[in-house]
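Results of the structural survey
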Amino acid sequence: MNITHAVDGKFGPYGGQFVPETLMPALAELESAYAAAIADPEFMAEFEHLLKTYVGRESPLTFARRLTDHLGGAKIYLKREDLNHSGAHKINNALGQALLAKRMGKTRIVAETGAGQHGVGTATACALLGLDAIIYMGTVDIARQQPNVYRMKLLGAEVRPVESGSKTLKDAINEAIRDWVTNVETTHYLLGSVLGPHPYPTIVRDFQAVIGREARRQILDAEGRLPDTLIACVGGGSNAIGLFQAFLDDENVAMIGVEAGGLGIESGKHAARFADPDRARLGVLHGTRSFVLQTADGQIMETHSVSAGLDYPSVGPQHALLRDVERAGYTFATDDEALEAFHLLSRLEGIIPALESAHAVAEAIKRAPKMSKNDIIIVNLSGRGDKDLDTVIKLTADSH
Amino acid sequence: MTLKTIETTFSRGTAFMPYIPLGYPTPEASLDAVRAVVATGADMVELGVPFSDPLADGPTIQAATQRALENGVTVEKCLQMAAQLRAEGISVPFLLMGYLNPFLAFGLENLVEAAAKIKIDGFIIPDLPPEEAGEMDALCRKHDLALVYFLAPTSTPERISLVAEKARGFIYLVSLTGVTGARNRLSDTLPQFVARVRAATDTPLAVGFGIGDGAQARQVAHFADGVIVGSALVKRMAESTAAVHALAEEIAESVHSL
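Residues numbered from 1 in each chain as written. Chains lettered and ligands numbered in written order. Predicted model: local features only at pLDDT ≥ 70, side-chain atom pairs only at ≥ 80, totals over all residues. Heavy atoms only, no water.

So, on to the overall build of chain B. In terms of helices and strands, chain B carries 12 helices and eight strands. In terms of C-alpha radius of gyration, chain B reaches 16 Å, essentially the compact-globule figure of 18 Å for 258 residues. A principal-axis box enclosing the C-alpha atoms of chain B has dimensions of 45 × 40 × 35 Å. Taking the contacts inside chain B whose residues are at least 6 apart along the sequence as the reference set, 73% of them involve residues at least 24 apart. For chain B, the accessible area works out to roughly 9100 Å², and carbon and sulfur atoms hold 50% of it. For chain B, the centre of its 20 positive side-chain charges and the centre of its 29 negative side-chain charges are spaced 2 Å apart. (Helix = DSSP H or I, 4+ residues; strand = E, 2+ residues; numbered from the N terminus. Rg over C-alpha atoms; globule rule 2.2 N^0.38 Å. Contact = heavy atoms within 4.5 Å. Areas by Shrake-Rupley, 256 points an atom, 1.4 Å probe, with all protein chains shown as cover. Lys, Arg positive; Asp, Glu negative; His and termini not counted. Charge placed at Lys NZ, Arg CZ, Asp CG, Glu CD.)

Below is the structure:
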């Protein structure tokens, strides 16, 4: 079983291309354009140049000394994707795909966004490269992520509110796909996670894999050895796969993906696709076969998470395979645990994490004290938390 | 009721093929809509199975299938409704049309067996291109049911050949690049698109998406073997069965007068 690359568009039994016929030729065009682009040294040089001079890569690997001391176990390092221009790992993929779209002669970009980070990343990349950006966003997410909505508009993007279904990320993806079906000749769909039909899980993964390549080199420089454990939050799973990919052949490096446990698994109000076998079964959503939170009748369930970026009922196909073959383990953190981690990291390290990333920090808080002081954990701090201040202020006020 | 029934239907002339979302606006009203279109001379009926995330559909069908879900309609209930129509003696071919996930949840093998038993003639699954259809294709062949594939104006010659080779029953031609929903006018390039597919296959070609009245249906009937009408009828379903009947009659006459 090939766990590092898709074979015929699939990761083991997961993935594929379950889309309307109208899009099949577009996927084929995208696949061949992508293959040509990454084989072209000029394209890769431009991408790397922008990652360095515009995004500000490489992002630091920060030793979290006070958090480590506080927990009294493994050394915790933070991969600082929060320090990227536009505030999250999302910009890596947005820039890569926007460059690709431009190379394909597309002038118009559509994208979905949940937390708004991918929308901001896309709007940023489109402003930089002179492309039209239309961002679909559920009205529930618009309400809880106002700063990012304003940011996208400042960057010249059109934000289209989505009122259908649960009014969150999955519905924004539906609308983005409908737009793409309609305008496929001129438009590139800039999908933001390792989801959707092949070749998206591969393209997004490749553009995010810079995270793990840097982290691997940085930890070798800092500690002279590889880490014991990698931890990342998993919505669709792009920051996690971005960190994991470069370590897949390092057998002694454990990998933990952290899903959104919401109000707890029993409550049914969560987005933990791997933790709830009663509600999450193998299915097909948005063009890919993976684990999907669904009713007994195969209708997609509404998910819940305090973090909009993890609030999605399915998960990237490569994660499903990594879990099957036990190369990565998956767990969850509840809303409360994530909020606690959000506050703790802010106070101890002076770093306000995105609520998504706080789920990964929460797992480090559980795990580090049980590990030896010689052990090393790398947590992917996938984004910064400024966007979440409204949410956190409101939740903190509610609880007092 | 088999693939053969579908083939026979097309051999009799251009077919009027309405799409009726089961369960909208109520389960009983949707059955009345099927009865009404059959009474006007519909040659084949697409019975819509609701899904929470219908990404190939425009606002009209999205809203209708959402309502059907709120009315508690499931794959199981759709099968029961189809069985009820058959028990009343309605004999035109039925095609179950729905997205893949609810069918997967029901179990493809159970689904095809149950469908064959109640004399459903085939399936239309918009998010199941031939590349991913291996299991469903084999099951449908086993029970001699049609599994209908799509072609779109964006389809390349390679894809037209692929679908031509796999097609059984008919090929569903999407008239435009876009989602379902009535439009003011048909695409100018539709006749050429149909001709392009016609050159590659003898399988009947049914055209759908964006056809909303008798005049448009007549235009399409000039070069297609089947005319599919969905959203325009769904809008009438919100009004009354009589409204459905009136539009279906107009379209049936246009299609059959050629």
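Still more to cover.
A separate point is the sheet that holds strand β3 (residues 61-63) of chain A. All names here are of chain A. Within the open sheet, the six strands sit side by side as β3-β4-β14-β9-β10-β13. Their pairing is mixed. Each edge of the open sheet is held by one strand with a lone partner, namely β3 and β13 (329-334). Taking each pair of neighbouring strands and ignoring which way they run, the sheet shows an average axis angle of 30 degrees. Pairing of strand β9 (residues 229-233) with strand β10 (residues 254-262) involves five bridges; the strand directions are parallel. What sits directly across from Thr229, in β10, is Ala254. The sheet strands contacting helix α10 (residues 210-223) are β3, β4 (75-80) and β14 (376-381), and the helix crosses β4 at an angle near 140 degrees. (Pairing = 2+ DSSP bridges. Axes fitted to C-alpha atoms, helices over the stretch in contact; angles between N-to-C directions.)

Those residues of helix α11 (residues 231-239) of chain B that fall on the buried side of the exposure criterion are B:Ser231, B:Ala232, B:Leu233, B:Val234 and B:Met237. On its buried face, α11(B) sits against β1 (15-21), α2 (27-39), α3 (59-70), β8 (226-229) and α12 (241-256) of chain B. (Buried < 20%, exposed > 50% of the residue type's maximum accessible area, 1.4 Å probe, protein only.)

Our next topic: the nonpolar core. Within the largest apolar cluster, 98 residues are counted, with the highest numbers of intra-cluster contacts made by B:Phe94, B:Phe123, B:Met136 and B:Phe170. B:Phe94 has contacts with B:Val34, B:Val45, B:Leu47, B:Ala82, B:Leu85, B:Arg86, B:Ile120, B:Asp121 and B:Gly122, leaving out every residue within four places of it along the chain. Core analysis: the next-biggest nonpolar cluster, separate from the first, contains 97 residues, A:Ala101, A:Ala111, A:Leu169 and A:Ala215 among them. (Core = buried A, V, L, I, M, F, W, Y, C linked by side-chain atoms within 4.5 Å.)

Size of an interface: often given as the accessible area lost when the parts come together. On the chain B side, the residues contacting the 32 residues of chain A number 33 residues. Of the roughly 2600 Å² buried at the junction of chain A and chain B (both faces included), carbon and sulfur atoms supply 54%. Among the residues of chain A in contact with chain B, A:Glu21, A:Arg178 and A:Gln299 are the three that bury the most area, contributing 25% of the side total. The interface formed by chain A and chain B contains three salt bridges. One salt bridge connects A:Lys170 with B:Asp53, and the closest N-O pair in it is separated by 2.9 Å. Viewed at the interface, chain B and chain A are joined by 16 residue pairs in polar contact (both at pLDDT 80 or more). (Buried area = accessible area lost by both parts, 1.4 Å probe. Salt bridge = Lys/Arg side-chain N within 4 Å of Asp/Glu carboxyl O. Polar contact = N/O pair within 3.5 Å; in protein donor to acceptor, adjacent residues only side chain to side chain.)

Next up on the list: helix α9 (residues 200-208) of chain A. Of all nine residues in α9(A), eight are buried; the element is thus mostly enclosed. Among all positions in α9(A), only A:Tyr200, A:Pro201, A:Thr202, A:Ile203, A:Val204, A:Arg205, A:Phe207 and A:Gln208 are buried.

With that settled, consider the confidence of the model for chain B. Across chain B, the average pLDDT comes to 96, with 100% of residues at 70 or higher. Overall fold confidence for the complex sits at a pTM of 0.96, while the interface term, ipTM, reaches 0.96. (pLDDT = per-residue confidence, 0-100.)

Cis rather than trans, the peptide bond between A:Arg57 and A:Glu58 has omega equal to 5 degrees. Relative to the helices and strands, A:Glu58 is located in the loop between α2 (41-55) and β3. Cis geometry is found at the peptide bond from B:Tyr24 to B:Pro25, where omega equals -10 degrees. With respect to the element layout, B:Pro25 can be found in the loop between β1 and α2. Although it is not a glycine, A:Glu326 adopts a positive phi angle of roughly 60 degrees.

Within the secondary structure, A:Lys106 is located in the loop between α4 (90-103) and β5 (108-113). A distance of 3.0 Å separates the side chain of A:Lys106 from the backbone oxygen of A:Val184, its partner in a polar contact.

Here we come to the environment of B:Ala242. Tracing the sequence through the fold places B:Ala242 in helix α12. For the pair B:Ala242 and B:Val179, spaced 63 residues apart in sequence, the C-alpha separation works out to 27 Å.

All names here are of chain A. Within the element layout of this structure, Gly235 appears in the loop between β9 and α11 (238-244). For the pair Gly235 and Glu251, spaced 16 residues apart in sequence, the C-alpha separation works out to 24 Å. Residues within four places of Gly235 in sequence aside, it is in contact with Arg273, Gly309, Leu310, Ser314 and Val315.

This brings us to the state of the cysteines. Residues and elements named next belong to chain B. Under the definition given, this model contains zero disulfides over all chains. In this model Cys78 remains outside any disulfide bridge; the closest cysteine sulfur is found in Cys140, 16 Å from its own. By relative accessible area, which is 0% here, Cys78 ends up buried. (Disulfide = S-S within 2.5 Å.)

With that settled, the discussion passes to the sheet that holds strand β6 (residues 132-138) of chain A. Residue and element names in this part refer to chain A. Spatial ordering of the open sheet is given by β7-β6-β5-β8, a layout of four strands whose pairing is parallel. The outermost strands of the open sheet, each flanked by one partner alone, are β7 (158-162) and β8 (187-189). Taking the axes of each pair of neighbouring strands and ignoring which way they run, one obtains an average angle of 25 degrees across the sheet. Taken together, the three bridges between β5 and β8 define a ladder with parallel strand orientation. Residue pairing in the sheet places Ile109 in a bridge with His188 of β8.

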